[in-house]
2 protein chains.
Amino acid sequence: MTTQAVRHDAMRARNLAVVLGEVRRSGPVTRAALAEITGLTKTTVSKMVGDLLEAGMVAESAAPRDGERGRPGTAVSLSGDRVAALGLEITAGHLSACVADLTLAVRLRCAQAVDNRSRPPVETMAHLQELAHRAVDEARTAGLSVVGSTLAVPGPVDGGLLHTAPNLGWRGVRAGDLLDFPVTVENEANLAALGELWFGGGPDDFLHVSGETGIGAGLVVGGELFRGAHGLAGELGHVVVFPDGPDCRCGGRGCLERYAGQEALLRASGAAGVPELTERLRAGEADALRACERAGWALGVALTSAVNLMDPGTVVLGGIFAPLFEWIAGPVREAMSTRLAGMRRSVPELAVSRLGGDAATLGGAGRVIHRVIADPAPHLPTARPLTL
Amino acid sequence: MTTQAVRHDAMRARNLAVVLGEVRRSGPVTRAALAEITGLTKTTVSKMVGDLLEAGMVAESAAPRDGERGRPGTAVSLSGDRVAALGLEITAGHLSACVADLTLAVRLRCAQAVDNRSRPPVETMAHLQELAHRAVDEARTAGLSVVGSTLAVPGPVDGGLLHTAPNLGWRGVRAGDLLDFPVTVENEANLAALGELWFGGGPDDFLHVSGETGIGAGLVVGGELFRGAHGLAGELGHVVVFPDGPDCRCGGRGCLERYAGQEALLRASGAAGVPELTERLRAGEADALRACERAGWALGVALTSAVNLMDPGTVVLGGIFAPLFEWIAGPVREAMSTRLAGMRRSVPELAVSRLGGDAATLGGAGRVIHRVIADPAPHLPTARPLTL
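Calculation notes
- Residues numbered from 1 in each chain as written.
- Chains lettered and ligands numbered in written order.
- Predicted model: local features only at pLDDT ≥ 70, side-chain atom pairs only at ≥ 80, totals over all residues.
- Heavy atoms only, no water.
- Helix = DSSP H or I, 4+ residues; strand = E, 2+ residues; numbered from the N terminus.
- Buried < 20%, exposed > 50% of the residue type's maximum accessible area, 1.4 Å probe, protein only.
- Contact = heavy atoms within 4.5 Å.
- Areas by Shrake-Rupley, 256 points an atom, 1.4 Å probe, with all protein chains shown as cover.
- Lys, Arg positive; Asp, Glu negative; His and termini not counted.
- Charge placed at Lys NZ, Arg CZ, Asp CG, Glu CD.
- Phe/Tyr/Trp six-rings, centres within 6.5 Å; stacked < 30°, edge-to-face > 60°.
- Least-squares fit on C-alpha atoms with pLDDT ≥ 70 in both.
- Buried area = accessible area lost by both parts, 1.4 Å probe.
- Salt bridge = Lys/Arg side-chain N within 4 Å of Asp/Glu carboxyl O.
- Polar contact = N/O pair within 3.5 Å; in protein donor to acceptor, adjacent residues only side chain to side chain.
- Pairing = 2+ DSSP bridges.
- Axes fitted to C-alpha atoms, helices over the stretch in contact; angles between N-to-C directions.
- Parallel < 35°, antiparallel > 145°, perpendicular 65-115°, else oblique.
- Left-handed = near helix turned anticlockwise from the far one by under 90°.
- Nonpolar A, V, L, I, M, F, W, Y, C, P; charged D, E, K, R; others polar.
- Domains from an automatic or database assignment.
- Expected span 1.5 Å × (residues − 1).
- Core = buried A, V, L, I, M, F, W, Y, C linked by side-chain atoms within 4.5 Å.

1. Quick look at the overall build of chain A
A count of helical and extended segments in chain A gives eleven helices and 16 strands. Projecting the C-alpha coordinates of chain A onto the three principal axes gives extents of approximately 70 × 50 × 45 Å. Sorting the 388 residues of chain A into buried and exposed places 58% on the buried side. At a minimum sequence separation of 6, the contacts of chain A that also span at least 24 residues come to 64%. As displayed, chain A offers around 15700 Å² of accessible surface, 50% of which is attributable to carbon and sulfur atoms. Distance from the positive charge centre (37 side chains) to the negative charge centre (42 side chains) of chain A: 4 Å.

2. Focus: the packing of aromatic side chains
Residues and elements named next belong to chain A. Tallying each qualifying case throughout the model produces five aromatic pairs over all chains. Relative to Trp297, the ring of Phe242 has its centre 5.9 Å away and its plane inclined at 35°; by these criteria the two rings are tilted. A residue pair is termed long-range when its members are at least 10 positions apart, and Phe242 in the loop between strand E14 (224-226) and helix H6 (257-260) and Trp297 in helix H9 (residues 286-310) qualify at 55 residues. Residue class for Phe242 comes out buried when judged on its relative accessible area of 18%. Feature note: the residues Phe242, Tyr259 and Trp297 constitute an aromatic cluster, connected by ring pairs.

3. Regarding the relation of the copies chain A and chain B
Once turned by 180° and shifted 0.0 Å along the axis, chain A lies on chain B with an RMSD of 0.0 Å. Taken together, the rotation and translation relating the two chain copies correspond to the operation of a two-fold axis. The rotation axis passes nearest to the C-alpha of A:Phe242 in chain A, at a distance of 3.0 Å. Of the interface residues in chain A, 100% have counterparts in chain B that sit at the interface too, so the contact is made through matching surfaces.

4. Details of the interface of chain A and chain B
Counting residues at the interface gives 49 residues for chain A and 49 residues for chain B. On the chain A side of the contact with chain B, A:Leu309, A:Met343 and A:Arg345 bury the most area, a combined 19% of that side's loss. Run the count over chain A and chain B and you get zero salt bridges. Inspection of the region where chain A meets chain B yields 24 residue pairs in polar contact (both at pLDDT 80 or more). Where the side of chain A that touches chain B is concerned, the elements lending two or more residues are strand E9 (161-165), strand E13 (215-221), H9 and helix H10 (325-340) of chain A.

5. Brief notes about the sheet that holds strand E6 (residues 106-113) of chain A
All names here are of chain A. Read across the sheet, five strands follow the order E6-E5-E4-E7-E11 without closing on themselves; strand pairing throughout is mixed. Of all the strands in the sheet, the pair left with one neighbour each is E6 and strand E11 (184-187). Across the sheet, the mean angle separating the axes of adjacent strands is 20° when strand polarity is ignored. Two strands pair when backbone bridges link them, and strand E4 (residues 83-90) and strand E5 (residues 94-101) are joined in this way by seven bridges, in the antiparallel orientation. Paired with Leu86 across the bridge in E5 is Val99. Along the sheet face, helix H5 (residues 188-199) touches E4, E5, E6, strand E7 (145-153) and E11 and points at about 90° away from the line of E11. Together, E4, E5, E6, E7 and E11 form the strand contacts of helix H11 (residues 359-374), whose direction differs from that of E4 by roughly 145°.

6. Some words on the packing of H9(A) against helix H9 (residues 286-310) of chain B
Working note: a packed helix pair is described by the angle between its axes plus the distance between those axes. Where H9(A) meets H9(B), the closest approach of the two axes is 10 Å, and the angle between their N-to-C directions is 70°. With respect to their mutual orientation, H9(A) and H9(B) come out roughly perpendicular. In the crossing of H9(A) with H9(B), the sense of the turn from one axis to the other is right-handed. Between H9(A) and H9(B), the residues in contact are A:Ser305, A:Ala306, A:Leu309 and A:Met310 and B:Ser305, B:Ala306, B:Leu309 and B:Met310, respectively. When grouped by side-chain class, the residues that make up the contact of H9(A) with H9(B) number six nonpolar, two polar and no charged.

7. Describing the domain arrangement of chain A
Taken domain by domain, chain A consists of domain 1 (3-78), domain 2 (83-193 + 360-379) and domain 3 (202-353). Taking the mean C-alpha position of each, domain 1 of chain A and domain 3 of chain A sit 45 Å from one another.

8. Comments concerning helix H5 (residues 188-199) of chain B
All names here are of chain B. The terminal C-alpha atoms of H5, which comprises twelve residues, lie 15 Å apart, in line with the 16 Å expected from a rise of 1.5 Å per residue. Burial in H5 covers these residues: Glu188, Ala189, Asn190, Leu191, Ala192, Ala193, Leu194, Gly195, Glu196, Leu197 and Phe199. Immediately beyond the C-terminal end of H5, within one or two residues, lies Gly201, with a positive phi of roughly 65°.

9. Some remarks on the nonpolar core
With 94 residues, the main nonpolar core has A:Leu236, A:Leu303, A:Phe321, B:Leu236, B:Leu303, B:Leu317 and B:Phe321 as its most contacted residues. A:Leu236 has contacts with A:Val209, A:Ile215, A:Gly216, A:Ala217, A:Leu256, A:Leu299, A:Ala302, A:Leu303, A:Ala306 and B:Leu309, leaving out every residue within four places of it along the chain. Counting 46 residues, the second largest nonpolar core, distinct from the first, contains A:Met48, A:Cys98, A:Leu362 and A:Ile373.

10. A short note on the side chain of A:Ser79
Residue and element names in this part refer to chain A. With respect to the helices and strands, the residue Ser79 is situated in the loop between strand E3 (74-78) and E4. On the basis of relative accessibility, which here comes to 5%, the residue Ser79 falls in the buried class. Ignoring anything within four residues of it in the chain, the contact list for Ser79 reads Gly56, Met57, Val58, Ala59, Leu102 and Thr103.

11. A closer look at the environment of A:Ser337
The topology assignment puts A:Ser337 in helix H10. According to the relative accessible area criterion, A:Ser337 is partly exposed, its value standing at 31%.

12. Concerning the pattern of salt bridges
Here the structure, examined in full by the defined rule, presents 36 salt bridges over all chains. Between A:Asp115 and A:Arg117 there is a salt bridge, with the nearest N and O atoms lying 3.3 Å from each other. Between B:Glu263 and B:Arg249 there is a salt bridge whose closest N-O contact spans 3.6 Å. Separated by 14 residues along the polypeptide, B:Glu263 in helix H7 (residues 262-269) and B:Arg249 in the loop between strand E14 (224-226) and helix H6 (257-260) bring together distant segments of the chain.

13. So, the packing of helix H2 (residues 31-38) of chain A against helix H3 (residues 42-54) of chain A
Residue and element names in this part refer to chain A. Relative to each other, H2 and H3 sit at 120°, their axes nearing to 9 Å. You can see that H2 and H3 cross each other, and the crossing is right-handed. Every residue of H3 that contacts H2 at Arg31, Ala32, Leu34, Ala35 and Thr38 is listed here: Lys42, Val45, Ser46, Val49 and Leu53. When the residues that make up the contact of H2 with H3 are grouped by side-chain class, the tally is six nonpolar, two polar and two charged.

This is how it looks when you write it as structure tokens:
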């Protein structure tokens, strides 16, 4: 390609992103208003809107009359009818998938309870692939084109490599290479925080705690995920609660996970699963209440260290802590406020996630959608579906 | 002022910042090269350079010949001869001041050992004011004009209010209001991290630990200080080491400060001060070695939690941990690597700060200089000195 053609393509890509971003922010919006807001010419705006219409990323509707004497025109909005994204998650006990469209409406969710600790990565990934294909097929029958996917995994990911997932028994697995379609692999706690940001309807500054077998956290400051130097930030489950405590699967000792992880909670309460635990809590059983109190206290101690170090706006409890919130929030709050109140004007508020265990899967789909909106050009003239 | 005049002023301010920023990055540089790099016209560049020369922010020197046939021209560099900044710090046992010029050369340092815990804030601030006046006077005799100052304090600062400094016994003090010149008050750990970034010659990704009576930390990611939602991030000293440990001045229990703060270290070792402690360590005294080992272990446990949550590039030990590095680094490293190695490809390296206890004072002066370079206009036509 000539230099001029490259420049022209880069300019077009930039203009498409500017127009689509503005439609998302202010739609429904007329072409004339888009030109005025973006500073692009009306001709450029019309061309970009035409391309986005063709790709099914925007749709037209009747615009409200522009004052009394105005003619009724057409306005442009983001369209959820064509472009969609796939979010996937592997936990120790579940596989799940969801499809969200360009407007971030959730179009499809499915989850299967399955023990992923007892089988090798290839088997789990083959099972996940089946689930993914089914989700994409179902989306296709609804007229949707899935253009990308993200996979949430329970461990630190660095350059596509899942370094270790102690709760799956995995080490050094390139999970993305075991699927027959392109996928971005990302830590579940990071994606859960993004899910909370985009689908949870909460504030822009929070620490999202995603309790499952492991416990992860994702910090959002000013609407941006804090990732640290290598994208490994937020390993709340391995914050030290008792330095001489019991050995942890991570190689350390006395980590939070050993006191407030799903296994520790169930063992202490004698329940077989979280639904049974919540039933017992509702019935006021002493063992269950004690288990929650102990876990909440440990979570409060670890969150004290997290608040001292990371200074989050609020703390959102998700994953298994969402259904247990009613019983666990009190002890968490107490441990935090007695330890933190002396050092700061106010102790961060504790909130419950509305998404619970779905946050990471949703965050994965949302991440794809956000990238498409930030740079729609590669998906034009028509959005290319994942080849799977 | 008319709208047009406001716009003209804003444009001039932006151009001044662009030119000064470029001189800092690429100086010595000719006016022609500046025009080419910045995209401004030669006339604009010459006008901006003229103004910056007059304000003493840049200086001229002979430029290297531009090829064989070129005439010798003049190049422009940042000048350290006129504009300077004042950094101040209060700790439990010291008052200190430094002056740095526009090139970030340190022109003056002074520190006084004094017990600030035994007297009210007004007395300490009056003493600090005396020190500040002396430093500014000395700078003036060297031809420098001090244009701004920053004060480092040992506690969380929110909107100019020092919420609490348990190691000074201060609560809710607006320290800046007790001085007769304008000053920005900021947490010492944040400023120490910035000092390390600007004066330490290290990498762009690190957690700086500033051990004094209290222990603070400042995280720098990609050359930017991480501040959290309210600027209160990095309270490493109150990370929980033993949840049932001894009461801490912060209101919590078993905080790192109780195991590795200066007081704890000196009490355990029986030394009267850090210099005596290092002497005893050099002599191989068992009590001193044991005290350092214990403090290093606790610091390693707290840093394990910090690395899990914040994922720093490297960990830089400053403050009193700098002179103790030889003895404390081993136990810190051991505690971190046994607990962290299982979860990540590599455990962050441990480095010693070259600045030691001066980091926060230098960071305070550096902060003023960085703001002047980012927006020089308010300091023109001639840099206005602090009125004091």
